[in-house]
Structure formats: structure tokens, C-alpha cells
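Secondary and tertiary structure notes
Each chain, letter by letter, is given below.
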Amino acid sequence: MTQLSGVELRMAADPTQLSIVRAVAADIAMRQDFDLDSIEDLKLAVDETCSTLITLAAQDAVLSCHFDVDDRGAVLVSAHVATKAAAGPDENSFGWRVLTALVDSVRTRVEETEGSVVHIGLVKSTAGAVDA
């Protein structure tokens, strides 16, 4: 039996769905006792991630966004969508620079199987989390 963890959202790759993803991100961050600034940073990062994927999405694609929490309390976000072309996000864009400034780490990859799927993963720790 597979053990499920976290929260996964699957929705139309459409900008009208962004408010749902932001609300889930905020709720998860609040439950991890993130401060208000860190909650807003995560919401903005998730919004930018999903917006980026929506602009790359193939027609009628489904956007998937998975949220999880690691043993240190960091929120892990993994999103992906089937795309029109085998190209990832523009890592020199203003939006990408904002995204990388809001979170601890960002990674992206393009998977080519029966078409192209772009993945973006984020990690956001609580602002007060410091290694002793």
C-alpha cells in the first residue's frame, strides 16, 4: 500500500485557479508557524511558479501542485504541467529572479516522454529557522 503525504491540487492550467493555490500555500505555512512575511513570500512564490507554468502550458493542460512539509518544518512545493514545447522557464526573467529571492531553493527540469512536462520545485523554510 502506498503511503500518501502532503496535499496535491490538480486544476486547469488557467490563471483563474491561482487564488486556490495561494490559499493552500498560506494555510500550510500558517500551520507550520511561519511568520507573516514568510507566509506572504511563499504565497507569492507559489503564484509565480504556477503563473510561469501556465504560460508554458499546452492547451487544456492540467496543472499539478504538490505541497509537503519536511522534518525540519520547511514547505516543499512541486508543480508541473504538460507544455507546448520542450523548453523550461526563462531563468533570466524578472519573474524568475523574484521567485528565487522569495524561497530557499528553486529547481526546474523538463521531462520528455510522450510530450514535454516542465517541473518546478521550491523549498521555503520558516524565517526563524537557524541551524544550531
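Details of the structure are given in the entry above.
This section reports on the structure supplied with the text. Since the structure is predicted, the reported quantities are computational estimates derived from the model, not experimental observations. (Residues numbered from 1 in each chain as written. Predicted model: local features only at pLDDT ≥ 70, side-chain atom pairs only at ≥ 80, totals over all residues. Heavy atoms only, no water.)

**Looking at the pairing of strand E3 (residues 75–83)**
Put simply, the rule reads: One bridge is not enough; two strands pair if DSSP finds at least two bridges between them. Comment: elements are numbered from the N terminus, with helices defined as DSSP H or I runs of at least four residues and strands as E runs of at least two.
In the sheet, strand E2 (residues 62–69) pairs with E3 via seven bridges, with the strands oriented antiparallel. Counted as the bridge partner of Leu-63 is Val-81 from E3. The antiparallel pairing of E2 with E3 creates a hairpin that spans five residues between the two strands, and Gly-73 there sits at a positive phi of about 90°. Taken together, the nine bridges between E3 and strand E5 (residues 116–124) define a ladder with antiparallel strand orientation. Opposite Leu-76, over in E5, you have Val-123 as the bridge partner.

**Let's talk about the packing of helix H2 (residues 36–56) against helix H3 (residues 94–102)**
For clarity, the threshold we go by: Angles run from 0 to 180 degrees between N-to-C directions of axes, and those axes are lines fitted to C-alpha atoms, restricted for helices to the stretch in contact. Crossing handedness is read from the near helix: turned anticlockwise from the far helix by less than a right angle, it gives a left-handed crossing, and turned clockwise, a right-handed one. In what follows, residue pairs with any heavy atoms lying within 4.5 Å of each other are defined as contacts. We call Asp, Glu, Lys and Arg charged. Ala, Val, Leu, Ile, Met, Phe, Trp, Tyr, Cys and Pro are nonpolar, and the rest, Gly among them, are polar.
It is at 9 Å that the axes of H2 and H3 come closest, and there the two elements cross at 145°. Once H2 is placed against H3, the crossing between them reads as left-handed. Only Gly-95, Leu-99 and Leu-102 of H3 make contact with H2, whose side of the interface consists of Asp-41, Leu-44, Ala-45, Glu-48 and Thr-49. Residues of the contact of H2 with H3, tallied by class, amount to four nonpolar, two polar and two charged.

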